[in-house]
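So the chains spell out like this:
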Amino acid sequence: MRQLCGTVLIMEAIVIGLAIPVAITIGHAEPRVAGAAGGALAVAAVLLAAVAGRPGLRWALVAGSALQLCVIAAGALVPVMYALGVVFAGFWVLAIWMGRRWDPPRA
């Protein structure tokens, strides 16, 4: 689960980072607002990737799920983020489901 969830979050951080210039040029967002919002989401994704799926850190999975909602909400700045957010939320759910299915049970 750790590898799957971490991979989803790292890829999501890359997409979020690439959405910042799009928000500025196409979405006509203020550069500071787009940079702060996108940067905060990308940094949160990277930090959560470091701890997601570790034993005893269930809060990281909850925080990762909340991050998925925030990325979907970023569609207010860049409309394509609605679709990308839903896609990554699907990957997130799939990673948790597959990780729980394939990880050996803990004693």
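Please refer to the structure placed before this passage.
Residues numbered from 1 in each chain as written. Predicted model: local features only at pLDDT ≥ 70, side-chain atom pairs only at ≥ 80, totals over all residues. Heavy atoms only, no water.

Caption draft 1: Focus on helix 2 (residues 31-51). Between the first and last C-alpha of helix 2 there are 30 Å, a value that for 21 residues agrees with the 30 Å anticipated at 1.5 Å per step. Within helix 2 the residues assigned to the buried category are Ala34, Gly38, Leu41, Ala42, Ala45, Leu48, Ala49 and Val51. The inward-facing, buried residues of helix 2 abut helix 1 (2-25) and helix 3 (58-73). The first or second residue beyond helix 2 is Gly53, which carries a positive phi of 85 degrees. (Helix = DSSP H or I, 4+ residues; strand = E, 2+ residues; numbered from the N terminus. Expected span 1.5 Å × (residues − 1). Buried < 20%, exposed > 50% of the residue type's maximum accessible area, 1.4 Å probe, protein only. Contact = heavy atoms within 4.5 Å.)

Caption draft 2: The side chain of Glu12, seen in detail. With respect to the element layout, Glu12 can be found in helix 1. For the buried Glu12, which has no salt bridge, the nearest side chain bearing the opposite charge is Arg2, at an N-O separation of 16 Å. Beyond its immediate sequence surroundings of up to four residues, Glu12 is in contact with Leu67, Gln68, Val71 and Phe88. (Lys, Arg positive; Asp, Glu negative; His and termini not counted. Salt bridge = Lys/Arg side-chain N within 4 Å of Asp/Glu carboxyl O.)

Caption draft 3: Spatial organisation of the nonpolar core. Within the largest apolar cluster, 29 residues are counted, with the highest numbers of intra-cluster contacts made by Cys5, Leu9, Leu67, Met81 and Trp92. Sorting the residues of this core by element identifies helix 1, helix 2, helix 3 and helix 4 (80-102) as the ones contributing at least two each. No other element matches helix 1, which puts eight residues into this core. Leu67 has contacts with Leu9, Glu12, Leu41, Ala44, Ala45 and Leu48, leaving out every residue within four places of it along the chain. (Core = buried A, V, L, I, M, F, W, Y, C linked by side-chain atoms within 4.5 Å.)

Caption draft 4: Inspection of the packing of helix 1 against helix 2 at higher detail. Contact pair helix 1 / helix 2: the axes reach a minimum separation of 8 Å and the direction vectors enclose 170 degrees. Regarding the angle of helix 1 to helix 2, the classification is roughly antiparallel. Residues Arg2, Gly6, Leu9, Ile10, Ala13, Ile16, Ile20, Ala23 and Ile24 of helix 1 form the contact with helix 2, whose participating residues are Pro31, Ala34, Gly35, Gly38, Gly39, Leu41, Ala42, Ala45, Val46, Leu48, Ala49 and Ala50. A breakdown of the residues in the contact of helix 1 with helix 2 according to their chemical character gives 16 nonpolar, four polar and one charged. (Axes fitted to C-alpha atoms, helices over the stretch in contact; angles between N-to-C directions. Parallel < 35°, antiparallel > 145°, perpendicular 65-115°, else oblique. Nonpolar A, V, L, I, M, F, W, Y, C, P; charged D, E, K, R; others polar.)

Caption draft 5: Quick look at the environment of Cys5. In this fold, Cys5 is placed in helix 1. A relative accessible area of 0% means that Cys5 is categorised as buried. On a C-alpha basis, the gap between Cys5 and Ile96 in space is 6.7 Å, while along the polypeptide they are 91 residues apart. If near-sequence neighbours (up to four positions away) are discounted, Cys5 is found in contact with Ala52, Leu61, Trp92, Ala95 and Ile96.

Caption draft 6: View of the packing of helix 3 against helix 4. As a packed pair, helix 3 and helix 4 sit with axes 7 Å apart at the nearest point and diverge in direction by 160 degrees. When the axis of helix 3 is compared with that of helix 4, the two are roughly antiparallel. Like other packed secondary-structure pairs, helix 3 and helix 4 cross with a definite hand, here left-handed. Of helix 4, the residues touching helix 3 (which contributes Arg58, Ala60, Leu61, Gly64, Ser65, Gln68, Val71 and Ile72) are Met81, Tyr82, Gly85, Val86, Phe88, Ala89, Trp92, Ile96 and Arg100. The residue makeup of the contact of helix 3 with helix 4, split by class, is 11 nonpolar, four polar and two charged. (Left-handed = near helix turned anticlockwise from the far one by under 90°.)

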